[in-house]
Amino acid sequence: MTPIIGITSRQPVIKTSGGDLKAHVVNKVYTDAVIRSGGTPITLPPVSPGEAPRLIDRLDGLVLSGGGDIDPSFYGGKPHDDMYAIDPSRDEFEFALVRAAQHRKLPVLAICRGLQVLNVALGGSLIEDIPSEIGSTDHAVPGPEVVNCHQTVTIEPDSLVAAAIGSAEACVNSIHHQAVRRVAPGFRAAGWTSDGVIEVLDPDDHSWPILAVQWHPEYLAVENDEASLALFTSLVESARETAEVSNEPFG
Ligand code: MN
């Protein structure tokens, strides 16, 4: 039995035979990484936040995927000219997924925007724009370079992410212009680049298997980077345990 892994989706406008229409999009690198790790991916389009607990009940694991910026009004932030693809309906649905996943201790892999969604959902805040506030310009390197690592992240050795990848250091890619400012209660910062930008969050309660990274392991995983693949296999292994418990026969 392969565990079912929900993956949150973007809603870009794409060209269709019916004209330019919004679509629910999950980059195939996510589904490839989940399948390769032994999971069965399922796309989660945003629906009413009230439906999130029932969806979480039917999943064995969750990937909070990357995408546009969170509406700054959700964390008391200020608008910034470089914010993009703000989608409050996606934000509110994903906040509800996080809270339901926390309640059930569902295994989660939170990637880039996903880490930021996790942080804001549980009461944290964000740096609205790294270049204008911190000055670093090497966190936003999109395009073909995403399959190569170029930043070193130092990771707390006793964190869930360090345990998953088997190392207290990782060479990572980076496609973000925002980062965690105030860490949500119940979590700690557990990984940083040399400029002090937070790249890993770790739960105080390690009985909730949640891995949260600011980089994009899905691109590196399909390029056979062992540490990146290990984040997905750790998620799927935790999800397999969830699936076995929830499918135990009655009596
Ligand atoms: Mn970065």
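For the structure itself, look to the data block above.
So, a few notes on the structure that sits alongside this text.

Criteria and cut-off values
- Residues numbered from 1 in each chain as written.
- Predicted model: local features only at pLDDT ≥ 70, side-chain atom pairs only at ≥ 80, totals over all residues.
- Heavy atoms only, no water.
- Helix = DSSP H or I, 4+ residues; strand = E, 2+ residues; numbered from the N terminus.
- Rg over C-alpha atoms; globule rule 2.2 N^0.38 Å.
- Buried < 20%, exposed > 50% of the residue type's maximum accessible area, 1.4 Å probe, protein only.
- Contact = heavy atoms within 4.5 Å.
- Areas by Shrake-Rupley, 256 points an atom, 1.4 Å probe, with all protein chains shown as cover.
- Lys, Arg positive; Asp, Glu negative; His and termini not counted.
- Charge placed at Lys NZ, Arg CZ, Asp CG, Glu CD.
- 1 Å grid on protein atoms, 1.4 Å probe; cavity = no way out; pocket = protein on both sides within 12 Å on 5 of 7 lines; lining within 4 Å.
- Points joined across faces, edges and corners; volume = space filled by probe spheres on them.
- Nonpolar A, V, L, I, M, F, W, Y, C, P; charged D, E, K, R; others polar.
- Core = buried A, V, L, I, M, F, W, Y, C linked by side-chain atoms within 4.5 Å.
- Salt bridge = Lys/Arg side-chain N within 4 Å of Asp/Glu carboxyl O.
- Donors = N, O, S within 2.8 Å, 3.2 Å for Na, K, Ca; no water.
- Disulfide = S-S within 2.5 Å.

### Structural notes on the overall build of the chain
What the chain contains, in helices and strands, is eight helices and 13 strands. In terms of C-alpha radius of gyration, the chain reaches 17 Å, essentially the compact-globule figure of 18 Å for 251 residues. When the backbone C-alpha atoms are referred to their principal axes, the chain occupies close to 60 × 50 × 35 Å. Within the chain, the fraction of its 251 residues that count as buried is 51%. Relative to all contacts within the chain whose residues are 6 or more apart in sequence, the contacts with residues 24 or more apart total 69%. As displayed, the chain offers around 11,000 Å² of accessible surface, 53% of which is attributable to carbon and sulfur atoms. Taking the 17 positively charged and 34 negatively charged side chains of the chain as two groups, their mean positions are separated by 7 Å.

### Focus on the layout of surface pockets
Of the pockets and cavities examined, the largest pocket occupies roughly 200 Å³. Residue lining of the largest pocket: 15 residues in total, with R10, N27, G66, G67 and H216 positioned closest to the centre. Of the voids in this model, the second largest pocket is the one considered here, and its volume is about 160 Å³. Lining the second largest pocket are R10, Q11, P12, G67, G68, Y84, A85, I86, D87 and R90. Of the residues that constitute the lining of the second largest pocket, the class distribution is four nonpolar, three polar and three charged.

### Structural notes on the nonpolar core
Residues I56, L62, V108, L118, L201 and W208 are the most contacted members of the largest nonpolar core, which totals 35 residues. For this core, the secondary structure elements donating two or more residues are helix 2 (52-57), strand 5 (61-64), helix 3 (88-104), strand 6 (108-111), helix 4 (113-121), strand 11 (187-192), strand 12 (198-203) and strand 13 (210-213). The residues contacting I56, other than those within four sequence positions of it, are L62, L97, A100, A101, R104 and L106. Ranked by size, the runner-up nonpolar core spans 31 residues in total, among them A164, I165, V200 and A239.

### A look at the pattern of salt bridges
Side chains carrying opposite charge are able to pair once their charged atoms draw close together. Tallied over the full model, the rule gives 12 salt bridges. Here R54 ties to E51 by a salt bridge, and the two come within 2.5 Å at their closest N and O atoms. Among the residues examined, R54 registers a relative accessible area of 48% and is labelled partly exposed. Owing to a relative accessible area of 33%, E51 belongs among the partly exposed residues under this scheme.

### Brief notes about the coordination of the manganese ion
Within the protein, H139 (ND1), Q151 (OE1), S174 (OG), H176 (NE2) and E199 (OE) serve as the donor atoms for the manganese ion, at 2.2 to 2.6 Å. For the manganese ion, the donor residues sit on a single chain with the sequence spacing H-x11-Q-x22-S-x1-H-x22-E. In this pair, S174 is assigned in the loop between strand 9 (169-172) and strand 10 (179-180) and E199 in strand 12, connecting sequence segments 25 residues apart. Owing to a relative accessible area of 0%, S174 belongs among the buried residues under this scheme. The class of E199 is buried, set by a relative accessible area of 0%.

### A word on the state of the cysteines
Under the counting rule described, the total for this entry stands at one disulfide. Each sulfur in the disulfide pair C149 and C171 lies 2.0 Å from the other. Given an S-S torsion of about 95 degrees, the disulfide between C149 and C171 has right-handed geometry. On the criterion of sequence distance, the pair formed by C149 in the loop between helix 5 (130-133) and strand 8 (151-155) and C171 in strand 9 is long-range, its members being 22 residues apart. Relative accessible area serves as the criterion here: at 34%, C171 is assigned to the partly exposed category. Unpaired in terms of disulfides, C112 finds its nearest cysteine sulfur in C171, a separation of 16 Å.

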